[in-house]
Number of protein chains: 4
Amino acid sequence: MPAPATPHLIALLHGPDQRGLVSKVAGWIFDHAGNIIHADQHRDQEEGVFFQRVEWDHEGELAPAAVAQAFHGFAESIGMRSIVAVSGQRPRIALFVSKFDHCYHDLILRWKAGELNGEISLIVSNHEDLRAASESYGVPFHHIPVTRDAKPAAEAAQLDLLREHHIELVVLARYMQVLSADFLAQFGRPVINIHHSFLPAFVGARPYHQAYHRGVKVIGATAHYVTADLDQGPIIHQGVASVTHRHSISDLIQKGRDLEKMTLSQAVRWQLENRVLVYGNKTVVFD
Amino acid sequence: MPAPATPHLIALLHGPDQRGLVSKVAGWIFDHAGNIIHADQHRDQEEGVFFQRVEWDHEGELAPAAVAQAFHGFAESIGMRSIVAVSGQRPRIALFVSKFDHCYHDLILRWKAGELNGEISLIVSNHEDLRAASESYGVPFHHIPVTRDAKPAAEAAQLDLLREHHIELVVLARYMQVLSADFLAQFGRPVINIHHSFLPAFVGARPYHQAYHRGVKVIGATAHYVTADLDQGPIIHQGVASVTHRHSISDLIQKGRDLEKMTLSQAVRWQLENRVLVYGNKTVVFD
Amino acid sequence: MPAPATPHLIALLHGPDQRGLVSKVAGWIFDHAGNIIHADQHRDQEEGVFFQRVEWDHEGELAPAAVAQAFHGFAESIGMRSIVAVSGQRPRIALFVSKFDHCYHDLILRWKAGELNGEISLIVSNHEDLRAASESYGVPFHHIPVTRDAKPAAEAAQLDLLREHHIELVVLARYMQVLSADFLAQFGRPVINIHHSFLPAFVGARPYHQAYHRGVKVIGATAHYVTADLDQGPIIHQGVASVTHRHSISDLIQKGRDLEKMTLSQAVRWQLENRVLVYGNKTVVFD
Amino acid sequence: MPAPATPHLIALLHGPDQRGLVSKVAGWIFDHAGNIIHADQHRDQEEGVFFQRVEWDHEGELAPAAVAQAFHGFAESIGMRSIVAVSGQRPRIALFVSKFDHCYHDLILRWKAGELNGEISLIVSNHEDLRAASESYGVPFHHIPVTRDAKPAAEAAQLDLLREHHIELVVLARYMQVLSADFLAQFGRPVINIHHSFLPAFVGARPYHQAYHRGVKVIGATAHYVTADLDQGPIIHQGVASVTHRHSISDLIQKGRDLEKMTLSQAVRWQLENRVLVYGNKTVVFD
């Protein structure tokens, strides 16, 4: 979508549920020259938590960034945590890859087709394989080998690159290394991974082999935020496909490639449109 | 779901889009002792129409019916058409059936399982076949034969029954007769039909035969509101299933029965939860 | 489908792969006045096992049962294990149920609609709840309470009923008791269960609660053969459906009912059409 | 899959049904040093037509091409038409493209990933847009403008290219020109198109616009053989996806891109594995 002429803002809010929240938020926006063009909210009845995504046209004279700042303060005053994005701000993304290239090509081609509300600005890999492709796409490529002993040094180099390129989102596009808790803490921004199974079934290595040997009739892929617990982070999206006894392990892997592409790209798209809120170990996706 | 202790109201609104609508509605509800528990809205950018479904707990002393009445007036004052339902009001439903009984059993069993927010109060059929089943379910059954010449008389008898039983929704559960424009106008309330194809493909008679002969690889079913134009009414829901060359016409019919059940029951459920707004020849479904 | 005028036979074969098997089987059938109307086979390349389902019209004068017997001997002579069914033989089925009735009604209505190639001949329950419904369907109902201490006695009573009614297939239609290894051994015929999750995720109790708390975006149901290892038997079929953060646990349970019905009935249909071969802990489904 | 060490052959057969066909084919293969590794067949009961796909390891000393030739004669002797492919023969493919590039990139990347049993040897376009991409993929690109007046000349130039490059399959990857009956006759080999709707709904131009205005809840894509009747050729595969009132026309177009890629690539894969038989206006797909 082309950026709209009038700037618009998107806020993601959550906090303890209380009477009148929808009205208060709508009233604040109206009072600040905003026209709500989309609002969606959710209540977790068990936990008593309120979640909202609200998007509005800003028709006043104040700079959008200043409105975002003011909204932030307002949200705090009613006990809500908030994230506010301004239209036209396109987050910078780093793709971490190894040798498998299907998610890599898929994301880059979608970005070039205008499907992603962000900029793929950096490719980081522990292998050299995708250097030429990255160059032909015109995206900087950095090879940072990761060995068991030198992992802290490798992660330090990765963090330097992320800072230098002002990266706001890391996408692990079948990156075959585990990121340390320390790396995640230092980066401090979302990292999205694609796991090639229907979590929580088949955590860990070689999930298609596990699925084959269990004789399942459906395989899956799971896009989730990366946390310090491997394959346990909040799930953003899952895709599934039917399989039969005729499918060999290599057939599952081939079918899985399509699942992984579709599932990861959908999760990244939602992330970039500020549609995902994390709480506890779950997500609210305002799709 | 059990009816909540606090009464709640559900309003469906639509009308010309204008600045501040979300805020005005939220403000009105707050001012009338309501706490919004769910709100969803949509803007048709091409047509400039605003749609909203808003559900709120009513915590004041006024009777819910009076609040509904007042909201109605408020909506009118801001140029919106509205429908307001009060929790605990369960619409009375008539099923029209012929000989096929899969949708009939499916809807009645879902109703008995508590899935439907309404009461199946009347079975009308142009055949005797389902009398015994209806009696064992404890639902009044009326046989009204329909012949070409006596159709106006049959429809008059049907309308009498609908009035007498205070029916607010008619569901054509594979009823094999066309309702006249006059019948629809006189009933004046929603009539939902299940068409056994993926409309607009295969309108008219024997759609599975048509699908078989065209060699399609996917079949469908379409739940839609009945209008005077056969198979042209606003679509509420569509279901699809894959088929192959191995499926004979009778296989398509068997597979189709599951599609029809799932698709029709979903549409009826949405209707009964006040989730469907019609405009022009389309629907907005707040699911 | 009506039974065809010409008797036909269906053989399921498996054994060590070897050159010329397809030709040998086809030749034997041709030599015994058979005309193959459908044949499907599979090779497990890893294990070197050959599987075949072959269905033929028997046009000779020999009684079909005698042909089946002869085929059995032929299969043995080429190192294959075989099961041979004769058209018109409709296996007798027992449904085991507790209180949930959705799979129960679904299977009985499908049977009455002619979808199942067998006869539902017996309902066994550890509760009285479904007695009246069973009587109105005209199927014998037996209440056999199961308490921890009296489980062996209860299972003995169940086995007596199965023998007395000549039951060839037991379907656990949300039966909430675990069958002992001893029961399974003594019955000696297939027992199909529906587990209300996407196995191997969420084994054990209350899988929808587990799924809700993990925050998955897809739920599933799994029809499998019952073995002495709970929830570990060979999988016949799996169904899945998307869910979002909006779905409460009770919504998952409601959505799950449809998955369970569709998945279990499909597995039972395949079983009754002799389409399923078990080897190791997996199935080959000739669909 | 790597080509197997032992050559294997794949035959597609069809003709009038008769007793003993499976046995005759299996016997011939056995007598000619073949070991059937996969066989699948189908009978159209209405039309009395028999279809078979049979794949065998050839273990004899005769050259595979000679066996193929001999099989051809055998098939004719039993009244069957046949196509026989020899493993290792990878058909040469031409992609026809215009400006939309999603199916183009998708097919080329799948080919490079080893998913397609053929060689993409030629790109033909009526626009210059994809020249650079084609060069970076290393595939010859030819720009042949098509104007209303010069269409016969353009098609003649296209046919020259197809002959010169020994093309055996043309794939229209969102090629926005209609091929003439004359072109199809002269090429004489399969041409596969992707239509961006669920045929037979929404034939002709701008199907996503048509779907939007009809308010459908499911959109589709259809891969079919091209015949002289626009959008009426035999359907190979169809894909579908759910949509809601929230999806604008441009959302439908974006969602549709994924459908088109998945549907077209699956059809092309089946074609290249000799899995598709056409008869009348339908296909038999041995998947």
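Everything that follows concerns the structure shown earlier in this document.
About the criteria used
- Residues numbered from 1 in each chain as written.
- Chains lettered and ligands numbered in written order.
- Predicted model: local features only at pLDDT ≥ 70, side-chain atom pairs only at ≥ 80, totals over all residues.
- Heavy atoms only, no water.
- Helix = DSSP H or I, 4+ residues; strand = E, 2+ residues; numbered from the N terminus.
- Rg over C-alpha atoms; globule rule 2.2 N^0.38 Å.
- Buried < 20%, exposed > 50% of the residue type's maximum accessible area, 1.4 Å probe, protein only.
- Areas by Shrake-Rupley, 256 points an atom, 1.4 Å probe, with all protein chains shown as cover.
- Lys, Arg positive; Asp, Glu negative; His and termini not counted.
- Charge placed at Lys NZ, Arg CZ, Asp CG, Glu CD.
- Contact = heavy atoms within 4.5 Å.
- Buried area = accessible area lost by both parts, 1.4 Å probe.
- Salt bridge = Lys/Arg side-chain N within 4 Å of Asp/Glu carboxyl O.
- Pairing = 2+ DSSP bridges.
- Axes fitted to C-alpha atoms, helices over the stretch in contact; angles between N-to-C directions.
- Phe/Tyr/Trp six-rings, centres within 6.5 Å; stacked < 30°, edge-to-face > 60°.
- Lys NZ or Arg CZ within 6 Å of the ring centre and 35° of its normal.
- Least-squares fit on C-alpha atoms with pLDDT ≥ 70 in both.
- Disulfide = S-S within 2.5 Å.

Time to look at the overall build of chain A. The number of helices and strands found in chain A is 8 helices and 13 strands. By the compact-globule yardstick of 19 Å for 287 residues, chain A fits well, its C-alpha radius of gyration being 20 Å. In terms of principal-axis extent, the alpha carbons of chain A reach across some 60 × 40 × 35 Å. Within chain A, buried positions represent 59% of all 287 residues. For chain A, the exposed surface amounts to about 11500 Å²; the carbon and sulfur share of it is 52%. Side chains of chain A carry 26 positive and 31 negative charges; the gap between the two charge centres is 7 Å.

Next up on the list: the interface of chain C and chain A. Counting from both sides, the interface comprises 34 residues of chain C and, opposite them, 34 residues of chain A. For the chain C and chain A pair, buried surface summed over both sides reaches about 3000 Å², with 53% attributable to carbon and sulfur atoms. Per-residue buried area on chain C facing chain A is highest for Arg214(C), Lys217(C) and His245(C); these three make up 24% of the total on that side. On the surface where chain C and chain A come into contact, there are 2 salt bridges. If you list the elements that add at least two residues to the side of chain C that touches chain A, you get strand E2 (34-44), helix H7 (207-214), strand E11 (235-242) and strand E13 (282-285) of chain C. Looking at the side of chain C that touches chain A, the element that brings in the most residues is E11(C), giving 5 residues.

The next subject is the sheet that holds strand E8 (residues 169-172) of chain B. Residues and elements named next belong to chain B. As summarised here, the arrangement of the 7 strands in space is E7-E6-E5-E8-E9-E10-E11, forming an open sheet in which the pairing is mixed. Where the open sheet ends on each side, the last strands, each with one partner, are strand E7 (141-143) and strand E11 (235-242). This sheet shows a mean twist of 20° between the axes of neighbouring strands, independent of strand direction. Bridging between strand E5 (residues 92-97) and strand E6 (residues 119-125) involves 6 bridges; their strand directions are parallel. Bridged to isoleucine 93 within E6 is isoleucine 120.

Residues and elements named next belong to chain D. Overall, mixed pairing links the 7 strands, which are arranged E7-E6-E5-E8-E9-E10-E11 in an open sheet. Lying at the two open borders of the sheet, with one neighbouring strand each, are strand E7 (141-143) and strand E11 (235-242). Taking the axes of each pair of neighbouring strands and ignoring which way they run, one obtains an average angle of 20° across the sheet. Here strand E10 (residues 218-225) runs beside E11; their pairing, made up of 7 bridges, is antiparallel. Within the sheet, the bridge partner assigned to threonine 222 lies in E11 and is glutamine 238. The sheet contacts of helix H5 (residues 151-164) involve strand E5 (92-97), strand E6 (119-125), E7 and strand E8 (169-172), and relative to E6 the element is tilted by about 165°.

Our focus in this paragraph is the packing of aromatic side chains. Aromatic ring pairs are defined here through the distance separating the ring centres and the angle between the ring planes. What the rule picks out here adds up to 37 aromatic pairs over all chains. A centroid spacing of 5.6 Å and a plane angle of 65° characterise the contact between Phe71(C) and Phe74(C), whose relative ring orientation is edge-to-face. Here Phe71(C) pairs with Phe74(C), and both are found in helix H2 (residues 64-77), just 3 residues apart, close to one helical turn. Grouping residues by exposure puts Phe71(C) and Phe74(C) together as buried. What links up through ring pairs into an aromatic cluster is the set Trp28(A), Trp56(A), Phe71(A) and Phe74(A). The ring centre of Tyr212(C) lies 3.6 Å from the NZ or CZ of Lys282(A), which sits over that ring.

Quick look at the relation of the copies chain C and chain A now. At an RMSD of 0.0 Å, chain C and chain A line up after a rotation of 180° and a shift of 0.0 Å along the axis. When the rotation and shift are considered jointly, the pair of chain copies conforms to a two-fold rotation axis. For chain C, the minimum C-alpha distance to the rotation axis belongs to Ala201(C) and amounts to 2.3 Å. Of the interface residues in chain C, 100% have counterparts in chain A that sit at the interface too, so the contact is made through matching surfaces.

Once that is clear, we can look at the side chain of Arg257(D). Position of Arg257(D) relative to the elements: it lies in helix H8 (residues 249-272). Here Arg257(D) is in contact with Ala113(A), Glu115(A), His102(D) and Tyr208(D), once residues within four sequence places are set aside.

Our next topic: the pattern of salt bridges. Per the stated rule, a full pass over the model turns up 64 salt bridges over all chains. Ionic pairing is found between Glu55(A) and Arg53(A), a salt bridge with its closest N-O pair at 3.0 Å. For Arg53(A), a relative accessible area of 2% puts it in the buried group. Salt-bridge contacts for Glu59(A) lead to Arg19(B); the nearest nitrogen and oxygen are separated by 2.8 Å. You can see Glu59(A) sitting in the loop between strand E3 (49-58) and helix H2 (64-77) and its partner Arg19(B) sitting in the loop between strand E1 (8-16) and helix H1 (21-31), one on each of two chains. Shared partners join several salt bridges into a network, and the residues in it are Asp106(A), Arg110(A), Glu115(A), Arg269(A), Arg257(D), Asp258(D) and Lys261(D).

Below, the discussion takes up the relation of the copies chain D and chain A. Superposing chain D onto chain A takes a rotation of 180° combined with a translation of 0.0 Å along the rotation axis, leaving an RMSD of 0.0 Å. A share of 100% of the interface residues of chain D reappears at the interface of chain A, consistent with the copies meeting face to face through the same patch.

The next point concerns the state of the cysteines. Throughout the structure, instances matching the rule amount to 0 disulfides over all chains. With no disulfide partner, Cys103(B) has as its closest neighbouring cysteine sulfur the one in Cys103(C), 19 Å distant.

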